[in-house]
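Coordinate inspection notes
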Amino acid sequence: ELAARATHLAIYARRDKEALEAAALWVKSAPADLEARQALAAMYIRHGKVNDALRELEFVLASQPGSRGQKLRQIANFLGREPDKATALKVMEQLVAKRQDDPDALFAYALLAIRADEVEKAREAMETVIEMVPPNSSIAMAYLSILRKQNDLPAALQWLESTLKQH
């Protein structure tokens, strides 16, 4: 409990070095605590330690109850709050690399890529998702948002018209 409190205080004070130390101690004292693992992953990202962050998030992904898609979107949301969007996206790319056949993983990656202003990467991922599964409203809205960001209104209208005919 003390390590958790120290981690939260250090993060709030923007003392990343101390937050990394406290989060590591928190995980050491409570290895099954998913919040501790996420805090440690965030600190690793802030220190540019992609592989260490990836290890912690793989643990969270394997341990957390719920659907894989939901867990991946939660991780993407968590990573999207990190100031270093490029490192956060690298971590997510590695999480997704093992799950290229999973539309939920690609969708979560696309959502994070949008937040990181990597619109072309987001579009590529979303187009793969759309090829894999019929688009639901979340997928459709995300894809249309990407096309809007790219000022590709003709493609957006064509895709929307085609999708409405099919579904």
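Residues numbered from 1 in each chain as written. Predicted model: local features only at pLDDT ≥ 70, side-chain atom pairs only at ≥ 80, totals over all residues. Heavy atoms only, no water.

1. Overview of unusual backbone geometry
To be explicit about the condition: Comment: elements are numbered from the N terminus, with helices defined as DSSP H or I runs of at least four residues and strands as E runs of at least two. A 1.4 Å probe rolled over the protein chains alone gives each residue an accessible area, and that area as a share of the maximum for its type sets the label: buried under 20%, exposed over 50%, partly exposed in between.
One non-glycine residue, R14, lies in positive phi territory at about 60°. Looking at where R14 falls in the secondary structure, it is placed in the loop between α1 (2–12) and α2 (16–29). A residue is classified by how much of its surface remains accessible, and R14, at 74% relative accessible area, is exposed.

2. Regarding the pattern of salt bridges
Let me state the cut-off plainly: Salt bridge criterion: a side-chain nitrogen from Lys or Arg within 4 Å of a carboxyl oxygen from Asp or Glu.
Taken as a whole and assessed by the stated rule, the structure comprises 14 salt bridges. D16 is the salt-bridge partner of R46, the closest N and O atoms lying 3.6 Å from each other. In this pair, R46 is assigned in helix α3 (residues 34–46) and D16 in helix α2, connecting sequence segments 30 residues apart. Overall, D16 belongs to the partly exposed group, its relative accessible area being 26%. Residues R37 and E56 are paired through a salt bridge, measuring 2.9 Å at the closest nitrogen-oxygen approach. With a gap of 19 residues between them, R37 in helix α3 and E56 in helix α4 (residues 50–63) connect regions that are remote in the sequence. The exposure class assigned to E56 is buried, which follows from its relative accessible area of 3%. Through salt bridges with shared partners, one network takes in R37, D52, R55 and E56.

3. So, helix α5 (residues 68–80)
Let me state the cut-off plainly: A helix is expected to span 1.5 Å for every residue after the first. Residue contacts are defined here by distance: any two heavy atoms, one from each residue, within 4.5 Å place the two residues in contact.
When the terminal C-alpha atoms of α5 are compared, their 18 Å separation across 13 residues agrees well with the 18 Å that a helix rising 1.5 Å per residue should span. Every buried residue of α5 is listed here: G69, K71, L72, I75, A76, F78, L79 and G80. Considering only its buried residues, α5 is in contact with α3, α4, α6 (85–97) and α7 (103–115).

4. Quick word on the packing of aromatic side chains
Which entries qualify depends on this criterion: Pairing of aromatic rings covers Phe, Tyr and the six-membered ring of Trp, with a centre-to-centre limit of 6.5 Å; geometry is then stacked below 30 degrees between planes, edge-to-face above 60, and tilted otherwise. As a reminder, the over-ring test applies to NZ of lysine and CZ of arginine, requiring each to be within 6 Å of the ring centre and within 35 degrees of the ring normal.
Applying the stated rule across the entire model yields one aromatic pair. For the pair Y143 and W159, a centre-to-centre distance of 5.0 Å together with 75° between the ring planes defines the contact as edge-to-face. Pair noted here: Y143 is in helix α9 (residues 137–149) and W159 is in helix α10 (residues 153–166), with a separation of 16 residues, a long-range link. The exposure class of Y143 is buried, given its relative accessible area of 6%. Seen from the ring of F59, R37 lies directly overhead, with NZ or CZ sitting 3.7 Å from the centre.

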